Amino acid sequence: MSTYCICVLAFYPSDNLQRAFQTNNHINDSIDFVCVSDTPPKGKACRSFVRLTVLKQETLKKAKAMAENAVKMHKVFSVQGPYSVVRTALRARGWVEQRMHCPTQNNHRHPGNESRACNTDADNSGSLVKEQDPDGLYGLMSRLVRNEMVYFYWTNRRDTINTNSLKKEQITNHFAKSESFTTKVGLCVNLRNLYWFDSADPDTFFPRCYRPGAQDEMPAFIADYRRTACSSFLKYIVEREQGVQRVGNSHSIRDVKKPSKLPSSPVILSQMLDSALKVCHEFLESLEHRDIDIRSETPPTLTKEEWTEFINGYYLAVHEGVEIENSDRFVTCCKAMLQRLREVSPQQDIDGTDNIWIIKPAAKSRGRVGIKCARRLDRILSLVGGDPTLKTNSKWVVQKYLERPLLVHGTKFDIRQWFLVTAWNPLTVWFYKKCYVRFATQPYSLHTLDSSVHLCNNSIQKHLTPSRKRHCSIPVHNMWSDDQFRRFLSSQGREAEWQTVIVPGMKEALIHTVQTTQDQMESRKNSFELYGADFMLGQDLRPWLIEINSSPTMAASTPVTARLCTAVQEDTLRIVLDWTADHTANTGDFELIHKPAAVDVPQYVGVNLNVDGYKIPGPCSLPPMRSPNRSTAKRHGPVKKQPKAEKVTPLPKLLSKSAQSQINYISKGVTPPPAPPLPPVPAPVKIFSPNLPMTITANPLHISPASNSVLLWKRKPKEVQPHTSLSLSKTVQTSSTLSDFVNALGS
């Protein structure tokens, strides 16, 4: 009997319809299997509408066999997002997909989730991708394993899966708390702690950055802006006299209005140079810690009014191009100061002369709305202070802009570099050997600070029309592969620097970045994450880290990304699945660049701390041998009888607890219990006053409660007791010799 694939439409609940097909033998004889599809009809939605596709018997048997084997081998996976490459690669390894349903996932998302603050440039549109499944095999297997445990999760959002609820053997492509370096604020703060982990300086690979919303960082940013204005002015004087053409300099095109309060008179060069040199000299002394002896009441180098005058003069000279007096005689001292600054400031060469800063909202990525460039201090302060909520919550970062980057045919670009972290203890970092270059649509210029010139994100540039003035070798889709970029370097005679400067610099920057966040990450054995780092190159080809994105886009938007994004996804699975099981397996283009020894982390025992130890015995001090209510007795004076009602002072700690209890009885006026009789002492009792030192070193005496060597109750005045007693003055009643007294105490 031949079988056919037909589509049956029914207005019945899917569960009831399946049960009817499974229990009706007549139907089962003519129909092999029914697969339910949840696609509703167009027009008026019907909740019970289902689409039924009749499958061939061979397809059903194949689906059952593959599903059973996948469950047995723990090969059930679930993918959310447009990751068809991951699906294909997993199915080729015998995995079966349990499909996610996006409406359910969205119900668990909240606006305050931490992943929303992370840099993620993944294209989340169409998270459930329509794939080719003509015979319905994948859909059938997905329903067969719908109640099984998922052993591999790949999602484009961190909050989709709660890693704390996963079992140890379940794999997921996200780490918790990675916002410590995938947000602009986290990257800015954590790199300042690099000196705790390595001797490297973050200023050598990360442009200096500030949080204007933080209480102590706004003054630091203003001081940095002013100091940079001073050094930029010195650089402007030197380059002006040397005839160096400034990149993008124009005095007719400006991005800001000229303030009406700016003075119209020519700039007094000597006064400005004197102020700039003083500020730079003070900065150098602070780096050498020579300012520690300066008192707090010492006036600043420049007053507020002097700073205002200098900044306005700087705007006129550098930004507006106002003519200044002859500066030939000042070039030598300017060069000397710039040379000293270059020795201690690794970012001196990228600062330029325009003092441009880039303002970024910390919660945005992919070059979304909000990223601005500005060169004037008042403009920057107005941008970061315009939204009180963002300012208060430190959601803005202000970072120094690279005014003099390496250009390709006069166009700005950046590099998207992938790296993979498979463990945090030991910290295991993989570097991908392939990358791609992203271009701006307009030639580079400082005439304007428009995003089409200064931002290279594909999410922005793909909506813009490339300029006709751009070089013809730059493609319309604005991307190059790393091989094309290396050919450009070869044409400039700098091909060798790719392997000697660029790649080593990117590796070091990534290792240092993840080192600073290692203590903040939750290390989980079967978690991994692929990150996308953005770099810019200086004119010396030194790489500068701009930001790090979680869930980097894998969209095949251009021919370059179609090839490279497919390769990096396949190689990621090679590392996570193949290499983890067999270290001799092929790792593709991934290179292991960092895996130190694991760090022993002490077990967390809570906030209550216990201190265990023992008391160290020390010298024992003799107590005062007189009553505190009486005057000091002479050392060798006669023994004075104490009145009967005299209060007894505490005895030294050499006595036992039982002796102390007897003293307590006497002090309270209670008659102590009778003591057991002592054996008679044949020798008569004599009284003498020995010269004893005030402190002695002795072992504690152990006097049992039943000991008869020391009695502590009062005697009648005229009776002589045949035992040894201790008086409360410096006089001691004992036997005829001091040795007998010591022996009596020792017994």
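Residues numbered from 1 in each chain as written. Predicted model: local features only at pLDDT ≥ 70, side-chain atom pairs only at ≥ 80, totals over all residues. Heavy atoms only, no water.

What is the right way to read helix α18 (residues 497–517) from this model?
Across its 21 residues, α18 extends 30 Å between first and last C-alpha, which sits within 8% of the 30 Å expected from 1.5 Å per residue. Helix geometry: α18 is bent most strongly at Val-503, by close to 25°, with proline Pro-504 lying one to four residues after it. A large share of α18 lies buried, amounting to 15 of its 21 residues. (Helix = DSSP H or I, 4+ residues; strand = E, 2+ residues; numbered from the N terminus. Expected span 1.5 Å × (residues − 1). Bend = angle between axes of the 7 residues up to and from the residue. Buried < 20%, exposed > 50% of the residue type's maximum accessible area, 1.4 Å probe, protein only.)

Would you take a moment to explain the sheet that holds strand β10 (residues 372–374) for this structure?
Sheet strands pair by backbone hydrogen bonding; their relative direction is either parallel or antiparallel. Taken together, the four strands give an open sheet; going across it, the order is β8-β11-β9-β10, and neighbouring strands pair in antiparallel fashion. Every interior strand has two partners, whereas the edge strands, β8 (209–210) and β10, have only one. Across three bridges, the pairing between strand β9 (residues 357–361) and β10 is antiparallel. Counted as the bridge partner of Trp-357 is Ala-374 from β10. (Pairing = 2+ DSSP bridges.)

Please clarify how unusual backbone geometry should be interpreted in this entry.
When glycine is set aside, most residues are seen to have a negative phi, and most peptide bonds are trans. Asn-425 connects to Pro-426 through a cis peptide bond whose omega is 5°. Positive phi is not limited to glycine here, since Lys-177 has a value of about 65°. In this structure, Lys-177 sits in the loop between β7 (171–172) and α7 (179–182). Residue classification places Lys-177 among the partly exposed positions, given a relative accessible area of 37%. Residues other than glycine seldom take positive phi values, yet His-409 does so here, at roughly 55°.

Whenever I open this one, the pattern of salt bridges confuses me. Can you help?
Pairs can form between side chains of opposite charge once their charged atoms are near each other. In total, this model carries 27 salt bridges according to the counting rule given. Note that Arg-375 is salt-bridged to Asp-354, the shortest N-O span being 3.5 Å. Highlighted residues: Arg-375 in the loop between β10 and α13 (377–385) and Asp-354 in the loop between α12 (331–344) and β9, separated in sequence by 21 residues. On the basis of relative accessible area, Arg-375 is assigned to the buried category, the value being 6%. What you see here is one network of salt bridges that share partners, running through Arg-208, Asp-224, Arg-227 and Asp-351. (Salt bridge = Lys/Arg side-chain N within 4 Å of Asp/Glu carboxyl O.)

Explain the packing of aromatic side chains here, please?
Two numbers describe a pair of aromatic rings. These are the distance of the centres and the angle of the planes. Going through the model one piece at a time under the given rule, you end up with 27 aromatic pairs. Consider the rings of Trp-307 and Phe-310, whose centres lie 6.0 Å apart with planes at 85°: the pair is edge-to-face. Of the two residues, Trp-307 and Phe-310 are both situated in helix α11 (residues 304–319); the distance of three residues between them amounts to about one turn of the helix. Through a chain of ring-to-ring contacts, three or more aromatic side chains come together here, namely Phe-413, Phe-439, Trp-480, Phe-485, Phe-488 and Trp-498. A cation over an aromatic ring shows up here: Arg-91 above the ring of Tyr-138, its NZ or CZ 3.8 Å from the ring centre. Directly above the ring of Tyr-315 sits Arg-376, whose terminal nitrogen or CZ lies 4.0 Å from the centroid. (Phe/Tyr/Trp six-rings, centres within 6.5 Å; stacked < 30°, edge-to-face > 60°. Lys NZ or Arg CZ within 6 Å of the ring centre and 35° of its normal.)

How should the side chain of Thr-553 be read in this particular structure?
Relative to the elements of secondary structure, Thr-553 occurs in the loop between β16 (543–550) and α19 (559–581). According to the relative accessible area criterion, Thr-553 is buried, its value standing at 19%. Only 3.3 Å separates the side chain of Thr-553 from the backbone nitrogen of Ala-555, close enough to count as a polar contact. (Polar contact = N/O pair within 3.5 Å; in protein donor to acceptor, adjacent residues only side chain to side chain.)

Would you take a moment to explain the packing of helix α9 (residues 217–242) against α13 for this structure?
Contact geometry for α9 and α13: axes closest at 11 Å, N-to-C directions at 155°. As far as their axial angle goes, α13 and α9 are roughly antiparallel. Seen along the crossing, α9 lies across α13 with a hand that is right-handed. Packed against α9, whose contacting residues are Met-218, Phe-221, Ile-222 and Tyr-225, the element α13 presents Leu-377, Ile-380, Leu-381 and Val-384 at the interface. Per-class residue counts for the contact of α9 with α13 are eight nonpolar, no polar and no charged. (Axes fitted to C-alpha atoms, helices over the stretch in contact; angles between N-to-C directions. Parallel < 35°, antiparallel > 145°, perpendicular 65-115°, else oblique. Left-handed = near helix turned anticlockwise from the far one by under 90°. Contact = heavy atoms within 4.5 Å. Nonpolar A, V, L, I, M, F, W, Y, C, P; charged D, E, K, R; others polar.)

When you look at the sheet that holds β7 in this model, what are you seeing that I'm missing?
Strands sit in the order β5-β4-β6-β7 across an open sheet of four strands; the sheet is parallel. A strand with exactly one partner marks an edge of an open sheet, and here the two such strands are β5 (96–97) and β7. Packing of helix α4 (residues 84–92) onto the sheet brings it into contact with β4 (76–79), β5 and β6 (152–154), and relative to β4 it is tilted by some 175°.

What's the story with the nonpolar core in this structure? I'm lost.
Burial of nonpolar side chains together is a common tendency in soluble globular proteins. The biggest cluster of nonpolar side chains holds 46 residues, and the ones touching the most others in it are Phe-413, Phe-419, Trp-424 and Phe-485. At the level of elements, α8 (184–190), β12 (413–424), β13 (427–439), α17 (482–491), α18, β15 (529–537) and β16 are the ones that each hand at least two residues to this core. Ranked by the residues each element gives to this core, the list is headed by α18, at eight residues. Once residues lying within four places of it in the same chain are set aside, the contact partners of Phe-485 are Leu-406, Val-408, Phe-413, Val-437, Trp-480, Trp-498, Ile-502 and Leu-537. Membership of the second largest hydrophobic core comes to 42 residues, among which are Ala-276, Leu-341, Trp-357 and Val-398. (Core = buried A, V, L, I, M, F, W, Y, C linked by side-chain atoms within 4.5 Å.)

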